[in-house]
Amino acid sequence: MSNQRPDGVTPSQTVGPYFKYGLTPNGEYEWNDAFTGNLLTPDVSGERIRVEGKVYDGDGAVVVDCMLEIWQADSQGRFSDPQDKRALPNSSFKGFGRCGTDRTGGFAFDTIKPGPVPDPDGKPQAPHILLAVFARGMLLHLYTRIYFDDEAGNAGDPVLAQVPADRRATLIANKGAGNVYTLDIRLQGDDETVFFDV
Amino acid sequence: MTLLYPLQSLAAHPARLSPNYRSTLKRSPQKPLIPIRHSLSELTGPVYGHETVREHDNDLTIQAKGEPLGERIIVHGHVRDEDGRGVPNTLVELWQANACGRYVHVVDQHPAPLDPNFTGAGRTQSDAAGYYKFITIKPGAYPWGNHQNAWRPAHIHFSVFGHSFISRLVTQMYFPGDPLFPFDPIFNAVTDEKARMRMVSSFDLENTQPEWALCYRFDIVLRGRNATPMETK
Ligand SMILES: [Fe+2]
């Protein structure tokens, strides 16, 4: 049975409106969190940052029942996954975080600024964080990337180069006071976030 | 092992804009998604060990002082990749309504009783062969506001990781023969019938435990193919 080739993948279904007590309880429900929006570990090196924003729907209304997940390299551009054949991070930093939006549609991740990761040709990509967006009304999650407005490497990034210039800003978080970067996610509309077909 | 993630595999998924499911109207992008090549960022993913899962987190019937009401069931199966290989040590999370079709979530106002002995959340890790197992209560159908007299077929929500960030899957497991199937726009948003039936568990008499619990099998197939395709026997 285990050698039988499946007909195809299991289709995706919406995360629905009621995931919070199971996936992002965050102290509001009895169940413990497997993951939170705080990726920082005591031993992690690198520039500590917060990335925050709000999620909006096609009417410009905030999305209060959204789940966001991020995946990123450490400050040296290495992933905490043995599939990354280069040297693994020498800290307990996992690079994965999850949070649900709050009553204002807001989200926040406390993490470190990732280092550059090579593209498929071995050229450096600008520092970025992968973001997956799940919500009621979304039958299949969406993937986007978070770049940083203070990175010179953005100009040569092969992924940003594929994005029409007038839409690039939807991928670039803006640095404010106290190492806080802000980026809003717009699921639909004129300023719609660029999502990737991966 | 290096896996490939062909975009064709995504054809099984529902269209993001599926108007019969009304909430998709304002929550699906209108501009085309931009295809990009897979770099290490896409091809790697979180690895979590046993520290994430406690010993009895896969048994939803022993989380409270007493036993929950409803029909005790075993839900088990394999997490596999597209070549049929088991996906080892991957996190499997589930959440569901109780036997009456009520979630503990504060937003759920369905006038059906909450069960003080049932939360409806669980998690486990697949073993070296990709096998996982939960013990829970069969969830009830519940009404929702999508259209007049709309009811969701009984289902269990699943969240699975796999080998990379792009093999991530959130889905729903259904029960065989549910009379609500023809009327549910979420289930039917998967337009290919064979793909749709992959979300329906099968009744597993062989692993049903006499005098104790019915068993359902739900195998989950995630994206990911070997770089060098296997010959099919
Ligand atoms: Fe549900």
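What comes next is a walk through the structure. (Residues numbered from 1 in each chain as written. Chains lettered and ligands numbered in written order. Predicted model: local features only at pLDDT ≥ 70, side-chain atom pairs only at ≥ 80, totals over all residues. Heavy atoms only, no water.)

**Considerations on the overall build of chain A**
Here comes step 1: The helix and strand tally for chain A stands at 2 helices and 10 strands.
Here comes step 2: For chain A, the N- to C-terminal ordering of α and β elements is α-β-β-β-β-β-β-α-β-β-β-β.
Here comes step 3: Here chain A has a C-alpha radius of gyration of 17 Å; the compact-globule value for 198 residues is 16 Å, and the two agree.
Here comes step 4: Summarising its shape, the C-alpha atoms of chain A cover approximately 50 × 40 × 40 Å along the three principal directions.
Here comes step 5: Out of the 198 residues belonging to chain A, those deemed buried represent 57%. (Helix = DSSP H or I, 4+ residues; strand = E, 2+ residues; numbered from the N terminus. Rg over C-alpha atoms; globule rule 2.2 N^0.38 Å. Buried < 20%, exposed > 50% of the residue type's maximum accessible area, 1.4 Å probe, protein only.)

**Observations concerning the interface of chain A and chain B**
Here comes step 1: Contacts between chain A and chain B engage 84 residues on the former and 96 residues on the latter.
Here comes step 2: Note on chain A versus chain B: buried area summed over both sides is about 7900 Å², and carbon and sulfur give 57% of it.
Here comes step 3: Area buried by chain A at its contact with chain B is led by A:R5, A:Q13 and A:Y18, which between them contribute 10% of it.
Here comes step 4: The interface formed by chain A and chain B includes 7 salt bridges.
Here comes step 5: Taking the shortest distance from any N to any O, the salt bridge between A:R145 and B:E42 comes out at 2.7 Å.
Here comes step 6: Counting across the chain A and chain B interface gives 45 residue pairs in polar contact (both at pLDDT 80 or more).
Here comes step 7: At the level of elements, α1 (20–23), β2 (66–71), β3 (96–100), β5 (129–135), β6 (142–148), α2 (158–162) and β10 (196–197) of chain A are the ones that each hand at least two residues to the side of chain A that touches chain B.
Here comes step 8: For the side of chain A that touches chain B, the leading source of residues is β5(A), giving 5 residues. (Contact = heavy atoms within 4.5 Å. Buried area = accessible area lost by both parts, 1.4 Å probe. Salt bridge = Lys/Arg side-chain N within 4 Å of Asp/Glu carboxyl O. Polar contact = N/O pair within 3.5 Å; in protein donor to acceptor, adjacent residues only side chain to side chain.)

**Topic: the packing of aromatic side chains**
Here comes step 1: For the structure on display, the rule yields 25 aromatic pairs over all chains.
Here comes step 2: A centroid spacing of 5.0 Å and a plane angle of 75° characterise the contact between A:F148 and A:Y181, whose relative ring orientation is edge-to-face. One end of the pair, A:F148, is in strand β6; the other, A:Y181, is in strand β8 (residues 180–182), and 33 residues separate them in sequence. Here the two residues A:F148 and A:Y181 agree in accessibility, since each one is buried.
Here comes step 3: Summarising the aromatic geometry, the rings of B:F181 and B:F187 are spaced 4.3 Å apart at their centres and angled 15° between planes, so their arrangement reads as stacked. Of the two residues examined, B:F181 and B:F187, each falls in the buried class. (Phe/Tyr/Trp six-rings, centres within 6.5 Å; stacked < 30°, edge-to-face > 60°.)

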